[in-house]
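Spelled out from the first residue to the last, the chains are:
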Amino acid sequence: MFAERDPSPSRGSTAQFSVKKFTEPIQPRPLLKFPTIYRPKPSITTPEVIGYPNYTPKTTDKASAETPATAASEPDFGNLATDGSEEVFIMPKQDSSEDASCTPEMKTEPTANHSPLRPKLHFSVTYLGQQKELLVTIIEAERVRGTSGSEGYILGRLRTATGETEARTTTRCLMERVRWEEPLAFPLPKGYEVEGEVALSLRSCRRFSQHANLGDARFKLADVGMMSDADCWVDLQPPKQDTSTCVGELLLSVSYLPAANRLGVVVMKARELQSDKLKDTIDLSVKLTLKHQSSKLKKKQTRRVKHKMNPVWNEMMMLEVPQELLPNSSLELEVLNQAGPGKVDTLGRCQLGLQAFGTGIQHWQQMLDSPRKQIAMWHPLHV
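Novice: Even after reading the chapter, I still don't get the sheet that holds strand 10 (residues 177–187), so can you show me in this structure?
Specialist: Adjacent strands of a sheet pair through backbone hydrogen bonds, lying either parallel or antiparallel. With antiparallel pairing, four strands are arranged side by side in an open sheet as 10-6-5-13. On the outer flanks of this sheet lie strand 10 and strand 13 (231–235), each paired with one strand and no other. Each strand of the sheet is rotated relative to its neighbour by a mean of 25 degrees, with strand direction disregarded. Pairing of strand 5 (residues 120–128) with strand 6 (residues 133–142), which is carried by nine bridges, proceeds in the antiparallel orientation. Considered in strand 6, the bridge of His122 is made with Glu140.

What follows is the structure, encoded as structure tokens:
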């Protein structure tokens, strides 16, 4: 209710006021508009966006004005717009040629090669006609995965129908690259045109331990004429194993967890066990010994399985080994038979490590190259 003053009052008289009534409700005047909600712009990191520097910002008004067919063909990146003033990044269409050029760059991933790199031997061969001898000059070896403090040498063997001759280089400290430049002389009074073979072996040795064969290189005497005075680079192959002394096989799975410094060994099963000691009693288990150089660190043993020539254990054993000790460490496994109270017979054994040979060094190297991955392999058992 408001009071209004009369506009024409008489002079000298008292001012007159008239009162008018309004029936309409009085509403307060709005001072603020409805607040604008600002939505965060999405951060697009999909492979389709990366690699397109020439994208152009378009508004939602332009995007909505497109034909339905064109809009349907555009990729849907979700609700990117807020109001009409917001800008949305619309990616251009990809041609087949662009796919072909961008796909290899975006999707190329390094493939893990689980096959270990074998050591490489550099040597030359010369036949000295006047001295009647074959001269094999050992120049160097590369990709040698020598353990810390270990030494090595090259052992050469010449086998002919008349016999076998050996020669070796001096002992050098094993590193990634070892250089000798030393000749190995083998007498050949009848010349090299005879039936025979030369074997060059890279051996590692450590005090108070056996010499391990890291790989062999072989060539026939008939190839000496072709190889004469030429630089030969040969990948050393795993040493041949005598299958006649194999008494069975053991399936193992190994993995290493660098974060926890733990070595996991799963003793899975054995097959084709051959031993005269299994005639009366079959009570089989596997004993595992972790060794660092020549020192024994830890021993563990599986449960015993009775009355089975092909036993299955499937037992995991966790061993704590620092990562820097792995190159100098090894695993020795023995298949045991409990023949009676206090009587245990060893049926066969195998070894894993860089000091081993054959499947033992291959399995260990694959484990080092592929951490956190279970790798299984059969290993022959020898007495």
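The structure having been displayed, the exposition proceeds.
Novice: What should I look at first to understand the pairing of strand 11 (residues 196–205) in this one?
Specialist: The side chains of a regular strand alternate, first on one face of the sheet and then on the other. Counting buried positions along strand 11 yields 10 of 10 residues, so the element is predominantly enclosed. Burial along strand 11 is two-sided: Gly196, Val198, Leu200, Leu202 and Ser204 facing one way and Glu197, Ala199, Ser201, Arg203 and Cys205 facing the other are all buried. Examined bridge by bridge, strand 7 (residues 151–160) and strand 11 share 10 bridges and lie antiparallel to one another. Paired with Arg159 across the two strands is Glu197, which belongs to strand 11. Pairing of strand 11 with strand 12 (residues 212–220) involves eight bridges; the strand directions are antiparallel. What sits directly across from Arg203, in strand 12, is Asn213.

Novice: Which parts of the structure should I look at to understand the environment of Pro327?
Specialist: Among the structural elements, Pro327 can be located in the loop between strand 19 (312–320) and strand 20 (329–340). Overall, Pro327 belongs to the partly exposed group, its relative accessible area being 28%. Residues Pro327 and Leu354, spaced 27 residues apart in sequence, show a C-alpha to C-alpha distance of 6.5 Å.

Novice: Can you help me understand the pattern of salt bridges in this one?
Specialist: Proximity of charged atoms lets side chains of opposite charge pair with each other. Summed over all chains, the structure comprises 17 salt bridges. Between Arg179 and Glu181 there is a salt bridge, with its nearest N and O atoms 2.7 Å apart. Judged by its relative accessible area of 48%, Glu181 falls in the partly exposed class. In this structure, Glu249 engages Arg271 in a salt bridge whose closest nitrogen and oxygen atoms are separated by 2.7 Å. Of this pair, Glu249 sits in strand 14 (residues 246–257) while Arg271 sits in strand 15 (residues 262–271), and the two are 22 residues apart along the sequence. One connected set of salt bridges, linked through shared partners, spans Glu140, Glu142, Arg177, Arg179 and Glu181.

Novice: Even after reading the chapter, I still don't get unusual backbone geometry, so can you show me in this structure?
Specialist: A negative phi holds for most residues other than glycine; trans holds for most peptide bonds. Backbone geometry at Lys132 places phi at a positive 55 degrees, although glycine is not the residue there. If you trace the backbone, Lys132 turns up in the loop between strand 5 and strand 6. Even without glycine at this site, Asn261 takes up a positive phi of about 55 degrees. Following the sequence through the fold, Asn261 ends up in the loop between strand 14 and strand 15. With relative accessibility at 28%, the residue Asn261 sits in the partly exposed group.

Novice: Quick question: what am I supposed to make of the packing of aromatic side chains here?
Specialist: Each aromatic ring pair is characterised by the separation of its centres together with the angle its planes make. Enumeration over the complete set of coordinates arrives at two aromatic pairs. Each ring, one from Phe123 and one from Phe219, has its centre 5.9 Å from the other, and the planes form 15 degrees; the classification is stacked. You can see Phe123 sitting in strand 5 and its partner Phe219 sitting in strand 12, a full 96 residues away along the chain. Of the two residues, Phe123 and Phe219, both sit in the buried class. When the centroid spacing of 5.3 Å and the interplanar angle of 75 degrees are considered together, the rings of Tyr127 and Tyr192 count as edge-to-face. Taken together, the positions of Tyr127 in strand 5 and Tyr192 in the loop between strand 10 and strand 11 put the pair 65 residues apart, joining distant regions of the chain. Judged by its relative accessible area of 19%, Tyr127 falls in the buried class. The residue whose ring lies beneath Arg168 is Tyr153, and the NZ or CZ to ring-centre distance is 3.7 Å. It is Arg271 that lies over the ring of Trp378; its NZ or CZ is 3.8 Å from the centre.

Novice: Before we go on, may I ask you to explain the nonpolar core in this structure?
Specialist: Most often, soluble globular proteins have nonpolar side chains that are buried together. The biggest cluster of nonpolar side chains holds 62 residues, and the ones touching the most others in it are Phe123, Leu134, Leu200, Leu250, Leu331 and Leu333. Other than its neighbours up to four places away in sequence, Leu250 contacts Val267, Lys269, Ala270, Val286, Trp313, Leu333, Cys350, Met377, Trp378, His379 and Leu381.

Novice: Sorry if this is basic, but what is going on with helix 5 (residues 359–369) here?
Specialist: An α-helical turn contains 3.6 residues, so any two residues separated by three or four positions project in the same direction. Regarding helix 5, the residues found buried are Gly360, Ile361, His363, Trp364, Gln365, Gln366 and Met367. Structurally, helix 5 contributes buried residues whose contacts are with strand 12, strand 14, strand 15, strand 20, strand 21 (343–353) and strand 22 (375–382).

Novice: Please explain the pairing of strand 16 (residues 283–292) as it appears in this structure.
Specialist: Counting buried positions over the 10 residues of strand 16 gives nine, a clear majority of the element. Sheet topology places strand 16 next to strand 18 (residues 305–306); two bridges connect them, and they run antiparallel. Bridging from a neighbouring strand, Asp283 pairs with Lys306 of strand 18. In the sheet, strand 16 pairs with strand 17 (residues 295–301) via six bridges, with the strands oriented antiparallel. Opposite Lys287, over in strand 17, you have Gln301 as the bridge partner.

Novice: I would appreciate a short explanation of the confidence of the model for the protein chain in the present structure.
Specialist: Should the pLDDT be low somewhere, the predicted coordinates at that spot are not to be read in detail. When pLDDT is averaged across the protein chain, the result is 76; 66% of the residues are at 70 or more. Every residue in residues 42–115 scores below 50 in pLDDT, and together they form 52 contacts with partners more than four places removed in sequence or on other chains.

Novice: Quick question: what am I supposed to make of the environment of Leu155 here?
Specialist: One can find Leu155 in strand 7. Considering only alpha carbons, one finds Leu155 and Leu202, 47 residues apart in sequence, at a separation of 6.5 Å.

Conventions and cut-offs
Residues numbered from 1 in each chain as written. Predicted model: local features only at pLDDT ≥ 70, side-chain atom pairs only at ≥ 80, totals over all residues. Heavy atoms only, no water. Pairing = 2+ DSSP bridges. Helix = DSSP H or I, 4+ residues; strand = E, 2+ residues; numbered from the N terminus. Axes fitted to C-alpha atoms, helices over the stretch in contact; angles between N-to-C directions. Buried < 20%, exposed > 50% of the residue type's maximum accessible area, 1.4 Å probe, protein only. Salt bridge = Lys/Arg side-chain N within 4 Å of Asp/Glu carboxyl O. Phe/Tyr/Trp six-rings, centres within 6.5 Å; stacked < 30°, edge-to-face > 60°. Lys NZ or Arg CZ within 6 Å of the ring centre and 35° of its normal. Core = buried A, V, L, I, M, F, W, Y, C linked by side-chain atoms within 4.5 Å. Contact = heavy atoms within 4.5 Å. pLDDT = per-residue confidence, 0-100.

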